[in-house]
Amino acid sequence: MEWSRRKFLAVSGLSAMAAGLAREVQAGMFIMKRLFALAPRETTPLTPNKDFYIVNYDGVPTIPVADLITGKWTLSVTGAVKKPLTLTYQQIQKRPLLEQIVTLECIENPVGGSSISNARWGGISLKALLEEAEPLPSAFKAVLRASDGYADSFSFQRAMQGDVLLAYLMNGDQLPPDHGFPLRAVVPGIYGIKNVKWLTEIELTEFDFRGYWQQRGWADDAPILTMSRIDDPGLYQEIKGDQYTIKGIAFGGAHGVKEVEISTDGGRTWNQAKMEPPLSPFSWVLWSYAWQIPKPDVYTLIVRATDGRGLLQSRDIATAYPKGPSGLHYVVVDVVKG
Ligand SMILES: Nc1nc2c(c(=O)[nH]1)N[C@H]1C(S)=C(S)[C@@H](COP(=O)(O)O)O[C@H]1N2
Ligand SMILES: [Mo]
């Protein structure tokens with residue numbers, strides 16, 4: 001069901017976007033509403049832990065709490081360092097607590113998809129930890145290894161920027177098992193794939209390590225591409241009356257969001273949406289647009305965002321592979337007489 005809906009959207013999306021043909025959809029609107037209608041999303045600035053998206057490639061490794069207390073579980077820092085380190089959970093918790101609001105997004109989050117969430121993460125600074133281990137000048141990459149066999153990496157330079165967290169708190173609670181208990185990486189501005197969960201080892205390599213996904217062609221630097229999404233109204237929703245507040249999110253990865261625009265005529269004209277201030281430089285923004293509806297009809301609503309550098313989000317439709325998806329999110333609605 002989910003899959004067939006996606007395929008359908010890909011096809012109808014192309015035709016509706018290219019020609020702005022809301023009318024084409026109108027004939028089938030009755031069927032669309034019944035078969036494919038989606039409820040609006042009620043997105044909050046911070047995502048409660050129970051609603052945060054989850055992507056696990058190989059199940060959830062169970063780390064017994066006893067292992068944290070006895071010191072059986074450790075985090076080690078190895079490789080191109082002068083002083084390799086091994087830390088227990090208690091030692092990690094004694095280090096200065098760093099808190100940061102960071103939006104995570106999966107590289108496979110399709111346009112309009114739900115694999116994006118925002119949380120306040122608490123943990124320790126990767127930079128401070130690496131400094132303590134005294135990296136060799138030859139250090140080139142930081143490889144993060146996990147209990148489930150997963151490993152991914154980013155450049156040593158990125159690791160030392162001071163904004164990378166090794167987190168054990170999520171929205172003030174202990175990191176939940178699904179999200180990497182007891183410890184995970186949170187790397188602002190790069191896709192979820194590199195935010196390694198169930199962390200056990202950080203190895204500095206002198207060579208260009210390639211993780212499982214990178215060996216299969218996925219992007220290695222993996223910066224998050226600017227995205228925006230309409231959360232309300234839902235697809236094929238019926239609307240009554242002459243005004244509706246359109247709402248959604250936008251995210252510019254490491255660059256922030258400067259502007260969000262809405263089109264209610266299939267992309268012919270654009271109107272500026274109102275943005276709420278972001279909760280941090282690494283956070284999505286919530287936006288809204290008070291739409292004065294001219295008359296009952298079928299409308300195609302489209303959103304686009306401009307990032308902090310002034311770069312407009314790409315409207316070219318691209319699949320997630322290899323560097324993340326692009327394309328504009330749109331929603332078709334049926335405005336009926338109130
Ligand atoms: N150890 C490990 N870390 C992992 C993964 C995994 O399968 N194993 N999945 C990655 C992917 S693809 C994403 S999008 C994020 C998702 O984090 P979340 O489940 O907390 O939202 O974790 C990343 N870290
Ligand atoms: Mo992902």
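Whatever comes next refers back to the structure up there.
Residues numbered from 1 in each chain as written. Chains lettered and ligands numbered in written order. Predicted model: local features only at pLDDT ≥ 70, side-chain atom pairs only at ≥ 80, totals over all residues. Heavy atoms only, no water.

**What about the pattern of salt bridges?**
Counted by the stated rule, this structure contains 20 salt bridges. Of the charged contacts in the structure, one is a salt bridge between Asp163 and Arg158, with a shortest N-O distance of 2.8 Å. Residue Asp163 is classed as buried on the basis of its relative accessible area of 12%. Residue Arg304 pairs with Glu261 through a salt bridge whose shortest N-O separation is 2.9 Å. Of this pair, Arg304 sits in strand 18 (residues 297-307) while Glu261 sits in strand 14 (residues 257-263), and the two are 43 residues apart along the sequence. (Salt bridge = Lys/Arg side-chain N within 4 Å of Asp/Glu carboxyl O. Buried < 20%, exposed > 50% of the residue type's maximum accessible area, 1.4 Å probe, protein only. Helix = DSSP H or I, 4+ residues; strand = E, 2+ residues; numbered from the N terminus.)

**Regarding the environment of Gln214**
When you line up the elements, Gln214 lands in helix 8 (residues 212-215). Along the primary structure Gln214 and Asn49 are separated by 165 residues, whereas in three dimensions their C-alpha atoms are 29 Å apart. Beyond its immediate chain neighbours, meaning those up to four positions away, Gln214 contacts Asp152, Ile193, Lys194, Ala219 and Asp220. Among the polar contacts listed, one links the side chain of Gln214 to the side chain of Asp152, at a separation of 3.4 Å. (Contact = heavy atoms within 4.5 Å. Polar contact = N/O pair within 3.5 Å; in protein donor to acceptor, adjacent residues only side chain to side chain.)

**A closer look at the side chain of Thr47**
Counting through the fold element by element, Thr47 comes out in the loop between helix 3 (29-36) and helix 4 (65-70). Under the relative-accessibility criterion, Thr47 is labelled buried at 9%. When residues no more than four places from it in sequence are discounted, the contact partners of Thr47 are Phe52, Ser117, Asn118, Asn171 and Trp284.

**Some words on empty space enclosed by the protein**
Summed over the entire model, instances satisfying the criterion amount to 1 cavity of 30 Å³ or more. There is about 260 Å³ of room inside the largest cavity. Taken together, 19 residues form the lining of the largest cavity, with Val55, Arg184, Gly192, Asn195 and Lys197 sitting closest to its centre. (1 Å grid on protein atoms, 1.4 Å probe; cavity = no way out; pocket = protein on both sides within 12 Å on 5 of 7 lines; lining within 4 Å. Points joined across faces, edges and corners; volume = space filled by probe spheres on them.)

**Describing the sheet that holds strand 14**
One open sheet accounts for 5 strands, arranged 12-19-18-14-15; its pairing is mixed. Two strands lie at the open edges of the sheet, namely strand 12 (238-240) and strand 15 (271-272), each paired on one side alone. Pairing of strand 18 with strand 19 (residues 330-336) involves 6 bridges; the strand directions are antiparallel. Residue Thr300 lies in a different strand from strand 19, and its bridge partner there is Val332. (Pairing = 2+ DSSP bridges.)

**A few points about the nonpolar core**
By size, the foremost hydrophobic cluster in this structure holds 53 residues, and its most contacted members are Leu75, Leu129, Leu130, Phe154, Leu166 and Ile202. If you tally residues by element for this core, the top one is helix 6 (residues 126-133), at 4 residues. Among the domains, domain 1 (28-46 + 224-336) and domain 2 (49-216) are the pair contributing at least three residues each to this core. Here Leu166 is in contact with Leu75, Gly122, Gly123, Ile124, Leu126, Leu129, Leu183, Arg184, Ala185, Leu199 and Ile202, once residues within four sequence places are set aside. Counting residues in each nonpolar core, the second largest holds 21 residues, with Ile246, Trp291, Leu301 and Ala305 among its members. (Core = buried A, V, L, I, M, F, W, Y, C linked by side-chain atoms within 4.5 Å. Domains from an automatic or database assignment.)

**A short note on unusual backbone geometry**
The omega torsion across Asp232 and Pro233 is 10°, close enough to zero to call that bond cis. Residue position: Pro233 is located in the loop between strand 11 (227-232) and strand 12. Geometrically, the link from Tyr321 to Pro322 is a cis peptide bond, its omega value of 5° lying close to zero. One non-glycine residue, Asn171, adopts positive backbone phi at about 50°.

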